[in-house]
Amino acid sequence: MSSRPLTVALVGNPNTGKSTLFNALSGLRQHVGNYPGVTVEMKKGQFTHAERRFDLIDLPGTYSLAARSPDELVAVDLLLGRRPEEPPPDVILSIVDASNLDRHLYLTTQVMELGVPVVVAVNMVDVAAAQGVVVDVAKLAAETGLTVVPIQANKGTGLTELKAALLKAADGHHAPKAPVLPQPLEAEAKTILAGVNGQVPEFLARRLLLDINGATENWFVGKYGEALRTRVQEARKRLADAGAAVPAVEAKTRYAYIRKVTAAAVTKPAVRPKSGSDKLDRILTHKVWGTLVFFAVMFLMFWSIFTAATPLMNLIDAGSTGIGKAIEGAMSPGPLRSLLVDGIITGVGGVVKFLPQILILFAFIAVLEDCGYMARAAFLMDRLMSRCGMSGKSFIPLLSSVACAVPGVMATRVIENHRDRLATILVAPLMSCSARIPVYVLMISLFLPAESAFAQAAVMFCMYMIGFITAPVVAWILRKTLLRGPRSLFVMELPAYKRPSLRTVGLRVFDAGWQFLKRAGTVIFASMVVIWAVQYFPNTTADGTAYEGLVATAEEARDDAKKKKEDAAEEEKEPLEQEEAKNAAEVKRLKAEWQRDSFLGRTGRALEPVFAPLGWDWRIGMATLASFPAREVIVGTLRILYEADEAEEGQADPLRASIHNDWDNDPVRGKYRVPVALSVMVFFALCMQCASTLAVIRRETKSWLWPLFCFAYMTGLAYLGALVTFQVGKLIVGAVS
Amino acid sequence: MSGQLVIVLLIVGVAVAYLGWTAWRTMAGKRKGCGSGCGKCATPVEQPAAKGRIALPQI
């Protein structure tokens, strides 16, 4: 095998199947979404053909090499071999959509000017054929002077031929028949080049002239000074006088060339037939029907979360309870047993139990992305986004944030307008992510029985709507105040609908489940240990007696009374029943006293005045505080604090039963059960409780200011929201009763 | 001090240290990330990230 691998750069418009081709060639599992903006980072893979190794670089999908943002300029630099971390590409693989060659060849014509061999992969030939479009690849190759290979990336068809073409192009002669830009433009580009002593490629000099206020111009001015901008503006004026005004001259020249090429190589019907996608889009992108369908899809997703997940959740619950009981039976009482049973098994088990719901959510998201529906959702929301002063591009990161805000924040890299991008970053954490599901499910179950899945889904839907409504409102406020500036345009291509790939969906669900379990086994596990410790210690009374011993004695007395009662004759049962109840009450009193006197209890009670206006007791308050690094921690913490395993036997959900019993005996939470649960949910919907998201915001904005601002405004908003929810709910309950 | 208490104190100590280390790594760490988006590591700007990835510069 040759020692030097060949570097292949993969370029293409969004929605050409670029990521699918990358995965098919390299065997990697890059996330493929059927809407623009999925590839926010360039990714690299490898493959071998004819004993030659290829390094494949996947560049973000783009319609043009006219760089509008610094990250787009990096992609251009990489193609020009100007990135120090990567070797210059030996071949550029340009993927185009066979059904839409007129537009997709635009990027290819630009790539042809880079001086690197280009291979064109004509993808989706099957979709084109279904529309009556036939591409004659031999004629296309003859007209462009490039190697052209028809492929079907999703089925892996044509890949061997493509690999062979790449190898041949890298080692062979390169003579593309590129479009010729007007002579005055070429002359001005040469003058610019001479002015900078030929230190940059000619391609960039042309882009400097063509891309008004683009990233190339900013880079040139930054490097060679403001005087260069004046020279460029004068050159553009001369070009306009010569009848080659920029930027129009580029589009005119390229599209004239493309028309000539496609006239020779593409046959299509005179009237484009209406496809199934077109018919569906008439409904799904309709401002009324489309919105209704969007809401219906969301509702169906939440309904499934409640109904389909229950059996598996019960199984996990039973498993963790069984393990806890086995450990209790095998170990003598003591802090280690308490840590294992009351801390780790109860806490972590309480979180892991929500795995089925996370899997269902991700399965839905993956199917909606892969079938092409998410692009329609983004299109529908563009109207709302633009009214809030943001571009429709903001909706894609916001949609990603429904799964997790971290990739959502990273996905904002596709937004070239800095203010739009910052506004989107700051509101993305308001979207309800998968980590909020356990809180919502638990709180909803406190006031809605399991049988009413429809009502439960409706409440869950409302919780998600809080994010969908609040995020644009906050963005609007930001764009009117801190981030004032002009609006930007949004152009998006709607991909054809397709049957979701089982493999893609399966991988996405598996990855999500694995990430969740990893989180449960690391950060949540450690958090549960610490929370258990601060609610266990100090473990002695004021006179130094160990609580554990006192509780064990009381439990023994209770169990003795229970056993005696069971063995006793009917007429002797009543006094023994009273004794059992007395001892059970003593166990409860001792445990409550222990918990109240623990470090957690003392802190919680000191902070109770802060939580009281929200309708929370110190336990809810402390569980919420403990959840600031990761939201899921609240469920485990509540399970520890409410001693879920002490619930009556036979209860399907021990935590729900424990909280129910506790709240029934509480004057506030007993009477205002619904407002309290809603207040907790609203707090979690609006609060920034995710260290990972704060970290990614810091990295993306390169500043501590914005994550701190985000944390402060979201926490304030969450407190206010929870306060209003509880107080208004209290008034309503008071009025009704 | 009982054996159980000693083990518990050790476990709690390790848990506290782990949480502190994770927080530091998330906020200030320089370790290369894998680009998976979990946010638990700090992908450095302008440098290739873990094997197989290239980090884009951030605005």
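Residues numbered from 1 in each chain as written. Chains lettered and ligands numbered in written order. Predicted model: local features only at pLDDT ≥ 70, side-chain atom pairs only at ≥ 80, totals over all residues. Heavy atoms only, no water.

Engineer: Pulling in residues and values, what's your account of the side chain of A:S64?
Structural biologist: All names here are of chain A. With respect to the helices, strands and loops of the structure, S64 is situated in the loop between β3 (52–58) and α2 (70–79). Looking at S64, its side chain comes within polar contact range of the main-chain nitrogen of A66, at 2.9 Å. A distance of 3.3 Å separates polar atoms of two side chains, one belonging to S64 and the other to Q110. Beyond its immediate chain neighbours, meaning those up to four positions away, S64 contacts Y106, L107 and Q110. (Helix = DSSP H or I, 4+ residues; strand = E, 2+ residues; numbered from the N terminus. Polar contact = N/O pair within 3.5 Å; in protein donor to acceptor, adjacent residues only side chain to side chain. Contact = heavy atoms within 4.5 Å.)

Engineer: Can you lay out the pattern of salt bridges for me, pointing to particular residues and giving the numbers?
Structural biologist: Residues and elements named next belong to chain A. Counting across every chain of the model gives 36 salt bridges over all chains. Where E188 meets R238, a salt bridge forms, and the shortest distance between an N and an O atom there is 2.8 Å. On the criterion of sequence distance, the pair formed by E188 in helix α7 (residues 183–195) and R238 in helix α10 (residues 226–241) is long-range, its members being 50 residues apart. Residue E188 is classed as buried on the basis of its relative accessible area, which comes to 13%. Using a relative accessible area of 43% as the deciding quantity, one classes R238 as partly exposed. Here E217 makes a salt bridge to R236, at a shortest N to O gap of 2.7 Å. Of this pair, E217 sits in helix α9 (residues 215–224) while R236 sits in helix α10, and the two are 19 residues apart along the sequence. (Salt bridge = Lys/Arg side-chain N within 4 Å of Asp/Glu carboxyl O. Buried < 20%, exposed > 50% of the residue type's maximum accessible area, 1.4 Å probe, protein only.)

Engineer: For the pairing of β3(A), give the residues involved together with the corresponding values.
Structural biologist: Residues and elements named next belong to chain A. Burial within β3 is extensive, with six of its seven residues counted as buried. Inspection of the sheet shows strand β1 (residues 6–12) paired to β3 by five bridges, in the parallel sense. Residue A9 lies in a different strand from β3, and its bridge partner there is I57. (Pairing = 2+ DSSP bridges.)

Engineer: I'd like to hear about the domain arrangement of chain A, residue by residue, with values.
Structural biologist: In many reports, interface size means the accessible area that the parts give up when they come together. Partitioning chain A into domains gives domain 1 (6–171), domain 2 (183–243) and domain 3 (549–594). Computed from C-alpha atoms alone, the centre-to-centre distance between domain 1 of chain A and domain 3 of chain A is 75 Å. (Domains from an automatic or database assignment.)

Engineer: Any details on the environment of A:P335? Residues and values, ideally.
Structural biologist: Its location among the elements puts A:P335 in helix α15 (residues 335–352). Along the primary structure A:P335 and A:N539 are separated by 204 residues, whereas in three dimensions their C-alpha atoms are 9.1 Å apart. Setting aside residues no more than four positions away along its own chain, A:P335 makes contact with A:W532, A:Y536, A:E548, B:Q4, B:L5 and B:V8.

Engineer: I'd like a description of the side chain of A:S432, backed by residues and values.
Structural biologist: All names here are of chain A. In this fold, S432 is placed in the loop between α20 (418–427) and α21 (437–447). Residue classification places S432 among the buried positions, given a relative accessible area of 2%. In this structure the side chain of S432 is engaged in a polar contact, spanning 2.7 Å, whose partner is the side chain of Y440. Those residues in contact with S432 that sit more than four places away from it in its chain are S401, V402, Y440, M463 and Y464.

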